[in-house]
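# Understanding the architecture of this molecule
Chain residues, written in single-letter form:
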Amino acid sequence: MAKVKKRLLTEEAFEKYSGEIVKAIQGINSLTYAEQAQLAASEANKSKLAAETKAGEAGASATNAKANAEDAKKSAEDAKKSAEAAAKIVDVGVDPTLSVEGAAADSKAVGETIGELKKALYIKTYNIFDVDFLPRAFISLDGTHAGEIYLDNNDNYSATNETIEALGNAKYTISNGNESIPYPLNLSVVLYDNNMKYLGVLTYVIENRKKYFTFTTLSNTKYLRFMCRATGKGADIPNIKKWQLNEGDVRPYLKPYEFYISSNYIGEELTNADITNPQVKNFIENVDYSGQDYTITHVGKYSAPPAYYRKDCCFPMVVKWKSNNEVKNQILYISKTSSINILDNVNTKQYDVACGTSVFCVYNLIPNKKYYYKICGIDFHNNPIIIKEDSFTTSGNSRMLNIDGLKNVRDLGGWSVGGNGFVKYGLLFRGCELDDTGGSVGLTSEGKKELFERIGIRVDIDLRTNVGNTKSPIGARVEYSCYPIEPYDVGLKKSTTQLLIKSIFELIENKLSTGTPIYFHCQGGRDRTGTLAFLVLGTLGVSESDIAKDYELTEFAYSNYLPDSPNTSRKWQQYVDMVNYIKAFEGETISDKIIGYLLSIGVSQITIDNIKTYMISNSSL
């Protein structure tokens, strides 16, 4: 009986051996054919023996049976050769004495291997505009792969700083699915070499009559970026999401394979799941900077490898229910309380769900929390009905948010405060700018709804300089304040920045006293935002190692940062200089020293104590 050695393939292995794997799957299928052929041969042999016993009465029948047996045997041998060739690639051993009795068990083992290999063939999404995210991708089994990409903008021009790794001198096709394109679009692909040096740009017109274009990369091409421009003056780019990038010529639009939570839970509704994506989770759990100097960083080992999901946000929880065609609208309510009070907009979040839909991905949940939900609808007689009620529990060690139009947004909660509890979730949030002043981001209407209605942001602290804003892009009901600090030790030493930091801490104290969530940001969410987060986390008693890891989490948002030479690593000189400056203040721990600095610039001990009271919980919930 054939023996199957199971092996899940890494993405790196896929990139290197994709063609061989495809052949292997074809070979494994041939192994199944070999089994069938051997069964046929066995049956033919039985017929042959039976016929030979009656050779005197039916010589012709025996001759025919023998011929059939020989043909079946030859077919089995041919199929077996294909299977053996495949076995060399995928570690499937083929027993030359495959028996009829073992065929059923062997077929099951082969089927399991095929399933594993097919699962391993799914790769990261080509998400060129990085706006709408659901981890999904598809690879066909005939030697080419395709990934779904999204285009979702409300402007007449859009460019992305997301890069797609590509092959040199290779043919690619970008195509649209079954969505209508209301007017022609100029869609461009920009080519870069291994050092992100510009090589050239190719532009094509996309319209309903020809919803694709094929291009060939230069020999030294390593990365691709995309731009989209509306052809009509002042026209907006339409909300068209179903784009597909694949190697080779145009292919029929493929329905994407959805990864629910992770590849371990494909297509399943979960009642308990870790929502932290694996690369971030492993970075936080495995890296310890305690007692080390600032000459090394480990973040690149975790942030640089490609993934099928967006690395700067958590996975969603997937809610499923039985499809109900007797309703004309559906609403999903998610609550922290079992009563699910739909009028309580603090504890209960609302999501409009399209009719006919029976699955919904809920992002931006708090880790280590039990949630209750119900799906409600209105039938065609205008009667309210409850379609389903249930609950689930999340787990995880960080809360990185998926906000439409933004990147690098995360909750400051979840960090341990040295045996005294954890930083509370849901109060302080850090991230990138909300409007585009050069960061290639821009908050969409759905993003505003998520931040205001579901996250509950009511205060916008802008750390940028001279941006001209007088109100928050989130909305008029969000309080806006601008504090243009300078980052790192250079800023911390200046009296102007010191006065601003004092004012920021007093504002944080005031707003947290009423449990008001705050969003603070600069442009990219790295330097000025990282400096303020450094001071806040240190004030709360977070360890020096964890403060450095929070700073480095920004690298998961930007694909152009490379291992061991990232702009945001803790070994970056400006961060090191800031740490060394703070360490000159009195105290045993980094927390003591940061508090010493704050006291020296006029922040009161009462303000510091109040912020700690408001922000520290005795549990991780």
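The structure under discussion appears in the preceding block.
Here's what I pulled together on the structure shown here.

## As for the overall build of the protein chain
Summing up its helical and strand segments, the protein chain has 13 helices and 28 strands in all. Long-range contacts, defined here as pairs at least 24 residues apart, represent 72% of the contacts in the protein chain between residues at least 6 apart. In the form shown here, the protein chain has an accessible surface area of approximately 27,600 Å², with 49% of it arising from carbon and sulfur atoms.

## Overview of the pattern of salt bridges
Per the stated rule, a full pass over the model turns up 18 salt bridges. Linking Glu450 and Arg454 is a salt bridge whose minimum nitrogen-to-oxygen distance equals 2.7 Å. Of the two residues, Glu450 and Arg454 are both situated in helix α6 (residues 445-455); the distance of four residues between them amounts to about one turn of the helix. The pair Glu450 / Arg454 is uniform in exposure class, with both members buried. Between Glu544 and Lys583 there is a salt bridge whose closest N-O contact spans 3.0 Å. Taken together, the residues span a long stretch of sequence, with Glu544 in helix α10 (residues 544-552) and Lys583 in the loop between α11 (573-582) and α12 (590-600) at a distance of 39 residues. By sharing partners, the salt bridges in this structure join Glu433, Asp435, Asp462 and Arg464 into a single network.

## With respect to the sheet that holds strand β26 (residues 479-482)
If you trace the six strands from one edge of the open sheet to the other, you get β21-β22-β24-β27-β25-β26, paired in mixed fashion. Whereas interior strands pair on both sides, the edge strands pair on one side only; in this sheet they are β21 (400-401) and β26. Across two bridges, strand β22 (residues 409-411) lies against strand β24 (residues 428-431) in antiparallel orientation. Paired with Asp411 across the strands is Phe429, a residue of β24.

## A closer look at the packing of aromatic side chains
Per the counting criterion, the structure on display carries 15 aromatic pairs. Between Tyr488 and Trp572 the ring centres are 5.9 Å apart and the planes differ by 90°, which places this aromatic pair in the edge-to-face class. Here Trp572 lies in the loop between α10 and α11 and Tyr488 lies in helix α7 (residues 488-492), a separation of 84 residues in the sequence. Using a relative accessible area of 1% as the deciding quantity, one classes Tyr488 as buried. Judged by its relative accessible area of 24%, Trp572 falls in the partly exposed class. A centroid spacing of 4.2 Å and a plane angle of 25° characterise the contact between Tyr551 and Tyr575, whose relative ring orientation is stacked. Taken together, the positions of Tyr551 in helix α10 and Tyr575 in helix α11 put the pair 24 residues apart, joining distant regions of the chain. Residue classification places Tyr575 among the buried residues on the basis of a relative accessible area of 1%. Taken together, the ring pairs connect Tyr294, Tyr488, Phe534, Tyr551, Trp572 and Tyr575 into an aromatic cluster. Here the guanidinium or amino end of Arg570 rests over the ring plane of Tyr289, the centre of that ring lying 3.6 Å away. Above the plane of the ring of Tyr294 lies Arg570, whose end atom (NZ or CZ) is 4.3 Å from the centre.

## Things to note about the environment of Gly587
Among the structural elements, Gly587 can be located in the loop between α11 and α12. Excluding residues within four positions of it along the chain, Gly587 makes contact with Asp592 and Lys593.

## Focus: the packing of helix α9 (residues 527-540) against α12
Where α9 meets α12, the closest approach of the two axes is 8 Å, and the angle between their N-to-C directions is 115°. Classified by chirality, the crossing of α12 by α9 is left-handed. Between α9 and α12, the contacting residues are Phe534, Leu535, Gly538 and Thr539 on the first element and Ser591, Ile594, Ile595, Tyr597 and Leu598 on the second. The residue inventory of the contact of α9 with α12, partitioned by class, reads six nonpolar, three polar and no charged.

## Things to note about the side chain of Asp460
Mapped onto the elements of the fold, Asp460 is located in strand β25 (residues 459-462). Buried charge without a salt bridge: Asp460, with Arg464 as the nearest opposite-charge side chain at an N-O distance of 6.6 Å.

## What about the side chain of Thr444?
Looking at where Thr444 falls in the secondary structure, it is placed in the loop between β24 and α6. Overall, Thr444 belongs to the buried group, its relative accessible area being 14%. In terms of polar contacts, Thr444 uses its side chain to reach the side chain of Asp404, at 2.7 Å.

## Concerning the pairing of strand β20 (residues 384-395)
For strand β14 (residues 272-274) and β20, the ladder comprises three bridges, and the chain directions are parallel. Its bridge partner being in β20, Ala273 is matched across the sheet by Thr394. From the end of strand β19 (residues 370-379) to the start of β20, which pair antiparallel, there are four residues, and Asn382 there has a positive phi angle of about 65°.

## Let's talk about the nonpolar core
Counting 81 residues, the largest nonpolar core has Leu332, Ile461, Tyr575 and Tyr597 as the members making the most contacts within it. Ignoring anything within four residues of it in the chain, the contact list for Leu332 reads Val319, Lys349, Gln350, Tyr351, Val353, Phe360, Val362, Tyr373, Lys374 and Ile375. Judged by nonpolar contacts, the second largest core, of 16 residues, contains Val409, Leu434, Ile455 and Ile474.

## Let's talk about helix α4 (residues 278-286)
If you check which residues of α4 are buried, you get Gln279, Val280, Phe283 and Ile284. Down the axis of α4, the sector holding all buried residues measures 125°, keeping them to one side. Taken together, the buried residues of α4 touch α5 (299-303), β21 and α10. Two or three places before Gln279, at the opening of α4, Asn277 has a side-chain oxygen 3.2 Å from that residue's backbone nitrogen.

## Notes on α12
Three or more residues of α12 are buried, namely Ile590, Ser591, Lys593, Ile594, Ile595, Tyr597 and Leu598. Looking at the buried positions of α12, the neighbouring elements they touch are α7, α8 (495-512), α9, α10, α11 and α13 (605-615). Trailing α12 by a residue or two, Gly602 shows a phi angle of about 105°, which is positive.

## Here's the deal with the pairing of strand β9 (residues 198-206)
Side-chain direction in a regular strand flips from residue to residue, so the side chains alternate between the two faces of the sheet. Where strand β8 (residues 185-192) and β9 come together, eight bridges link them in antiparallel fashion. For Leu187, the partnering residue across the bridge sits in β9 and is Tyr204. Here β8 folds back onto β9 in antiparallel fashion, the turn holding five residues, of which Met196 has a positive phi close to 60°.

## A short note on the sheet that holds strand β16 (residues 327-335)
Sheet strands pair via backbone hydrogen bonds, and the direction of the pair is either parallel or antiparallel. One open sheet holds the five strands; their spatial order is β14-β20-β19-β16-β17, and the pairing between them is mixed. In this open sheet, the two strands that pair with only one neighbour each are β14 and β17 (348-353). Averaged over all pairs of adjacent strands, the angle between their axes in this sheet comes to 30°, without regard to strand direction. Relative to β17, β16 runs antiparallel, the two sharing six bridges. Bridge assignment links Ser335 to a residue of β17, and that residue is Thr348.

What counts and what doesn't
Residues numbered from 1 in each chain as written. Predicted model: local features only at pLDDT ≥ 70, side-chain atom pairs only at ≥ 80, totals over all residues. Heavy atoms only, no water. Helix = DSSP H or I, 4+ residues; strand = E, 2+ residues; numbered from the N terminus. Contact = heavy atoms within 4.5 Å. Areas by Shrake-Rupley, 256 points an atom, 1.4 Å probe, with all protein chains shown as cover. Salt bridge = Lys/Arg side-chain N within 4 Å of Asp/Glu carboxyl O. Buried < 20%, exposed > 50% of the residue type's maximum accessible area, 1.4 Å probe, protein only. Pairing = 2+ DSSP bridges. Phe/Tyr/Trp six-rings, centres within 6.5 Å; stacked < 30°, edge-to-face > 60°. Lys NZ or Arg CZ within 6 Å of the ring centre and 35° of its normal. Axes fitted to C-alpha atoms, helices over the stretch in contact; angles between N-to-C directions. Left-handed = near helix turned anticlockwise from the far one by under 90°. Nonpolar A, V, L, I, M, F, W, Y, C, P; charged D, E, K, R; others polar. Lys, Arg positive; Asp, Glu negative; His and termini not counted. Polar contact = N/O pair within 3.5 Å; in protein donor to acceptor, adjacent residues only side chain to side chain. Core = buried A, V, L, I, M, F, W, Y, C linked by side-chain atoms within 4.5 Å. Arc of directions from axis to C-beta.

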